[in-house]
Amino acid sequence: MSDHSPDAALAAALRRTEPEPPLHEVDWDAMRARLAARAELPLARLRADARHAGARAEVEAPAPPLAARPRAGGSRALRWLVPLAAAAGMGGLLLGRPLPPPPGGGTAVPSAQPAPAEVQAILDATIPDRVDVAIDREEADEEAVISASIGS
Amino acid sequence: MTRTVAAPAPVASGPPAGPRGGEDAAAADEAALVERVRLGDAAAFDALVTAYMRRAFSVAYRLMGQREDAEDLVQESFLAVLEKIHTFQAGRAFAPWFFRILVNRGLNARKSRTLRSVDEIPESAASALASPERDAERAELRDGLAAAMRALPDRQATVVRLFDMEGFSSPEIAEILGISEGTVRWHLHEARKTLRGALAPFGNRSTP
């Protein structure tokens, strides 16, 4: 289809059938003034929307709350390190510490299941304070925790 | 009679003549203006109105046929811009989007109102005639063409008005009407076939 170029003759004929837009009869300043008056409210709404959008952006921009912050890689190591340290401590104590003789004499046999209070005491003794402090810190460094736990 | 359609303002639609740098700069200026309107800047809105109101009135008048109706349509269309500015995609050309609003509203208004004196041929369209016979022939040609235009489907008539009378390009018309360029060309072809048929009895299409 090639009939898409301007047809001056047809355009001229058509303009003779329809009146030319009377641009000279329009009061353009009055039209602008009327539009400015009618546009006041819609423009005010747009300004308010823009302000609200800006305020929302400020609220959403700051760092996420503490609980949602991504944990340092070292903190994931703590999950296995602490029980490992506790187990090592318990094992060391059980192997290295002489058991009290039974009341009736004879050879003491280590109990298969230590009492809860004894377990707690072992845990408290095996987890050094420095590890506790490292665990508490959000930015716990894996190396620092390991160093603290082995006392190096 | 000299055609009096105003030339587009510097930020108006369509690629202005000149180097591409000027065209890009004008487009960038207009994009910044539209963005300021989106934020509720009254001065930017007034600048946009000033840039487009004459061409908008011209298109509106061709749709409505009456000055008052055309003015109303122009105002309603600019106010609709503010309502719909949140839907305007940054980076697009403003003119086709705006004229789409205007043309759609104009076509809807035409359907809902009773046409009054659109059919009349105003005095301003009459030309100085050398003889009564010539006068009658021209009037007959004019009437025939006018009747053919009125008989066209709305879409075809709109395409002809926008293309042949207002100077919009096929891509612009496609965007204004929300159709493909191929469809625009088809409507134009069909409309012209009808209109040229109306002119055929008078032989020479280049009217006196």
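Parameters and conventions
- Residues numbered from 1 in each chain as written.
- Chains lettered and ligands numbered in written order.
- Predicted model: local features only at pLDDT ≥ 70, side-chain atom pairs only at ≥ 80, totals over all residues.
- Heavy atoms only, no water.
- Helix = DSSP H or I, 4+ residues; strand = E, 2+ residues; numbered from the N terminus.
- Contact = heavy atoms within 4.5 Å.
- Areas by Shrake-Rupley, 256 points an atom, 1.4 Å probe, with all protein chains shown as cover.
- Phe/Tyr/Trp six-rings, centres within 6.5 Å; stacked < 30°, edge-to-face > 60°.
- Buried < 20%, exposed > 50% of the residue type's maximum accessible area, 1.4 Å probe, protein only.
- Lys NZ or Arg CZ within 6 Å of the ring centre and 35° of its normal.
- Expected span 1.5 Å × (residues − 1).
- Axes fitted to C-alpha atoms, helices over the stretch in contact; angles between N-to-C directions.
- Parallel < 35°, antiparallel > 145°, perpendicular 65-115°, else oblique.
- Left-handed = near helix turned anticlockwise from the far one by under 90°.
- Nonpolar A, V, L, I, M, F, W, Y, C, P; charged D, E, K, R; others polar.
- Salt bridge = Lys/Arg side-chain N within 4 Å of Asp/Glu carboxyl O.

**Side note on the overall build of chain A**
Now for step 1: Along chain A, the regular secondary structure elements total six helices and zero strands.
Now for step 2: Listing each helix as α and each strand as β along chain A from the N terminus yields α-α-α-α-α-α.
Now for step 3: Taking the contacts inside chain A whose residues are at least 6 apart along the sequence as the reference set, 56% of them involve residues at least 24 apart.
Now for step 4: Here chain A has roughly 10200 Å² of accessible surface; of this, 60% comes from carbon and sulfur atoms.

**Brief notes about the packing of aromatic side chains**
Residue and element names in this part refer to chain B.
Now for step 1: Evaluated as defined, the whole model comprises 13 aromatic pairs over all chains.
Now for step 2: With 6.1 Å between their ring centres and 70 degrees between their planes, Phe 88 and Phe 94 make a pair best called edge-to-face. Pair check on accessibility: Phe 88 and Phe 94 agree, each one buried.
Now for step 3: Here the aromatic residues Phe 45, Tyr 52, Phe 78, Phe 88, Phe 94, Trp 97, Phe 98, Phe 99 and Phe 168 are joined through ring pairs into a cluster of three or more.
Now for step 4: In this arrangement the basic side chain of Arg 55 is found over the ring face of Phe 168, its NZ or CZ atom lying 3.9 Å from the centre.

**Examining helix α3 (residues 67–84) of chain B**
Now for step 1: Between the first and last C-alpha of α3 of chain B there are 25 Å, a value that for 18 residues agrees with the 26 Å anticipated at 1.5 Å per step.
Now for step 2: Where α3 of chain B is concerned, the buried positions are Asp 69, Ala 70, Glu 71, Leu 73, Val 74, Gln 75, Ser 77, Phe 78, Leu 79, Ala 80, Val 81 and Leu 82 of chain B.

**Re the packing of helix α4 (residues 94–112) of chain B against helix α7 (residues 170–177) of chain B**
All names here are of chain B.
Now for step 1: Interhelical geometry of α4 versus α7 gives an angle of 55 degrees and a closest axis separation of 7 Å. Taken together, α4 and α7 sit at an angle that is classed as oblique. The handedness of the crossing between α4 and α7 is right-handed. Across the interface between the two elements, Pro 96, Phe 99, Arg 100 and Val 103 from α4 touch Glu 172, Glu 175, Ile 176 and Leu 177 from α7.
Now for step 2: Counted by class, the contact of α4 with α7 contains five nonpolar, no polar and three charged residues.

**A short note on the pattern of salt bridges**
Now for step 1: Per the stated rule, a full pass over the model turns up 17 salt bridges over all chains.
Now for step 2: The closest approach of N and O atoms between Asp 7 of chain A and Arg 196 of chain B, which form a salt bridge, is 2.4 Å. In this pair, Asp 7 of chain A sits in the segment before α1 (8–17) while Arg 196 of chain B sits in helix α8 (residues 181–199), so the two residues belong to two different chains.
Now for step 3: Residue classification places Asp 7 of chain A among the buried residues on the basis of a relative accessible area of 11%.
Now for step 4: The residue Lys 193 of chain B makes a salt bridge to Glu 190 of chain B at a minimum N-O spacing of 3.4 Å. Of this pair, Lys 193 of chain B and Glu 190 of chain B are both found in helix α8, three residues apart, which corresponds to roughly one turn of the helix.
Now for step 5: It is possible to trace a salt-bridge network through shared partners that takes in Glu 25 and Arg 34 of chain A together with Arg 67, Glu 68 and Glu 71 of chain B.

**Considering the packing of α3 of chain B against α4 of chain B**
Residues and elements named next belong to chain B.
Now for step 1: Remark: α3 packs on α4, axes separated minimally by 9 Å, with the N-to-C direction vectors making an angle of 125 degrees. It follows from the interaxial angle that α3 and α4 lie oblique. Viewed along their axes, α3 and α4 form a crossing whose handedness is right-handed. Residues Leu 73, Val 74, Glu 76, Ser 77, Phe 78, Ala 80, Val 81 and Lys 84 of α3 lie in contact with α4, whose contacting residues are Phe 94, Trp 97, Phe 98, Ile 101, Leu 102, Arg 105 and Gly 106.
Now for step 2: Looking at the contact of α3 with α4 residue by residue, the class counts come to 10 nonpolar, two polar and three charged.

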